[in-house]
Amino acid sequence: MSDGAVLHVKGRVLAGPDDVRDELWVVGGRVCYERPAGARDIITVEGWALPGLVDAHCHVGLGAEGPVDADTAEKQALTDRETGTLLVRDAGSPSDTRWIDDRDDLPKIIRAGRHIARTRRYIRNFAWEIEPDDLVAYVGREARRGDGWVKLVGDWIDRDLGDLAPCWPRGAVEAAIAEAHRLGARVTAHCFAENSLRDLVEAGIDCIEHATGLTEDLIPLFAERGVAIVPTLVNIATFPRLADGGEKKFPRWSAHIRRLHERRYDTVRAAYDAGIPVFVGTDAGGTLPHGLVAEEVAELVAAGIPPVDALAATSWAARAWLGRPGLEEGAPADLVVYEADPRADVRVMAAPRRVVLNGRVVE
């Protein structure tokens, strides 16, 4: 596609769940809903167009052993791009991926800095491992380094208890979240279990990752405070295998995560029914492959979320939550084109017809 070419997307353009246009034009890499005067070198793409998809829990630059080299991080980002993920909220990475910002052929990234975990209470080489007295200082540092987010590890296995347990005292998270907010950053936390959630939400946290421990008594608190969840159901699907591996050493923990897995769909549907914002995230990086957004949308539908709302959780609603535009007039032309209407059957998302990033057809 030459620099002077104009891209014409026609068919059905889903600018919003109920805002369907017949066509859009891409001029200078931006969305335009009027045919540009004098356009001659026109490339036409036909189908059902959505804003570029959002993976709101992803890890570019992270592998199973910790940070990865730039070539591996590039492959991760390209895999996301191939499946239509053009905006990533990187929910914790030990790698410096700022170089991606200079590449107009790679997805846009909103970074949460590096995970902040309690000493010996998370996966080795992933996080800053600190004690509560240092939490405010580390949150401040990651708030300054990130793109408006900070990521805490809210709970993890306590080897003395043999089960999941909160990582931080209430006073420490209150002070840390207040510091992040003072610096203009939002805070999210990894939480599998039930017993870390109330303190984090009452301390002012903005989002909870996984949220498998969300219970009936906590749902009204989340809804009242407007705390979002990113369930990462494609990751929670690995719980039975993890439980099997830890059965001999940590039987209590194994039984616990099996219970969390068994009620995962009920948990997500109850949150949705209560009005808690739910967004798509895959937890790609670490041990999960990239490019799983379509699978995660399908999981939300399996949990009982209506297809249009599951779609919104990776498109219109997710972009608004992260403060990034969709297919508004003048917005960067980041979009995915499908053969059929994804609102009718989200399975079409597994095979994009075309991916357009910064106004250029890349797939």
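In short, a report on the structure. Keep in mind that this is a model prediction, so the values were computed, not measured.

Calculation criteria
Residues numbered from 1 in each chain as written. Predicted model: local features only at pLDDT ≥ 70, side-chain atom pairs only at ≥ 80, totals over all residues. Heavy atoms only, no water. Helix = DSSP H or I, 4+ residues; strand = E, 2+ residues; numbered from the N terminus. Buried < 20%, exposed > 50% of the residue type's maximum accessible area, 1.4 Å probe, protein only. Contact = heavy atoms within 4.5 Å. Areas by Shrake-Rupley, 256 points an atom, 1.4 Å probe, with all protein chains shown as cover. Lys, Arg positive; Asp, Glu negative; His and termini not counted. Charge placed at Lys NZ, Arg CZ, Asp CG, Glu CD. Pairing = 2+ DSSP bridges. Phe/Tyr/Trp six-rings, centres within 6.5 Å; stacked < 30°, edge-to-face > 60°. Lys NZ or Arg CZ within 6 Å of the ring centre and 35° of its normal. Salt bridge = Lys/Arg side-chain N within 4 Å of Asp/Glu carboxyl O. Polar contact = N/O pair within 3.5 Å; in protein donor to acceptor, adjacent residues only side chain to side chain.

**Looking at the overall build of the protein chain**
Okay, step 1: The helix and strand tally for the protein chain stands at twelve helices and 20 strands.
Okay, step 2: Judged by the C-alpha coordinates and their principal axes, the protein chain covers about 70 × 40 × 35 Å.
Okay, step 3: Residues classed as buried in the protein chain amount to 55% of the 363 residues present.
Okay, step 4: In the protein chain, the share of contacts with a sequence separation of at least 24, taken over all contacts with a separation of at least 6, comes to 65%.
Okay, step 5: In the structure as shown, the protein chain presents an accessible area of about 14,800 Å², 48% of it carried by carbon and sulfur atoms.
Okay, step 6: For the protein chain, the distance from the average position of its 44 positive side-chain charges to the average position of its 58 negative side-chain charges is 2 Å.

**A look at the sheet that holds strand E1 (residues 6-14)**
Okay, step 1: Taken in spatial order, the seven strands line up as E3-E2-E1-E4-E18-E19-E20 in an open sheet, and their pairing is mixed. The open sheet terminates on both sides in strands that have one partner only, identified here as strand E3 (30-32) and strand E20 (360-361).

**Quick word on the packing of aromatic side chains**
Okay, step 1: If you walk through the whole model with that rule in mind, you get seven aromatic pairs.
Okay, step 2: Measuring from ring centre to ring centre gives 6.1 Å for Tyr122 and Phe126, while their planes differ by 75°; the resulting arrangement is edge-to-face.
Okay, step 3: Sitting above the plane of the Trp149 ring, Arg89 keeps its charged end 4.6 Å from the centroid.
Okay, step 4: Sitting above the plane of the Trp128 ring, Arg141 keeps its charged end 4.7 Å from the centroid.

**Regarding the side chain of Arg319**
Okay, step 1: Here Arg319 shows up in helix H12 (residues 316-321).
Okay, step 2: Put simply, Arg319 is tucked away with no salt bridge, and the nearest opposite charge, on Asp334, sits 4.5 Å away.
Okay, step 3: Within the local environment of Arg319, its side chain forms a polar contact with the backbone oxygen of Pro325, the two atoms lying 2.8 Å apart.
Okay, step 4: Sequence-distant contacts of Arg319, defined by excluding residues within four places in its chain, comprise Pro51, Gly52, Val54, Leu86, Leu87, Arg324, Pro325, Gly326 and Asp334.

From the geometry alone we can't say anything about function, so treat these as descriptive.
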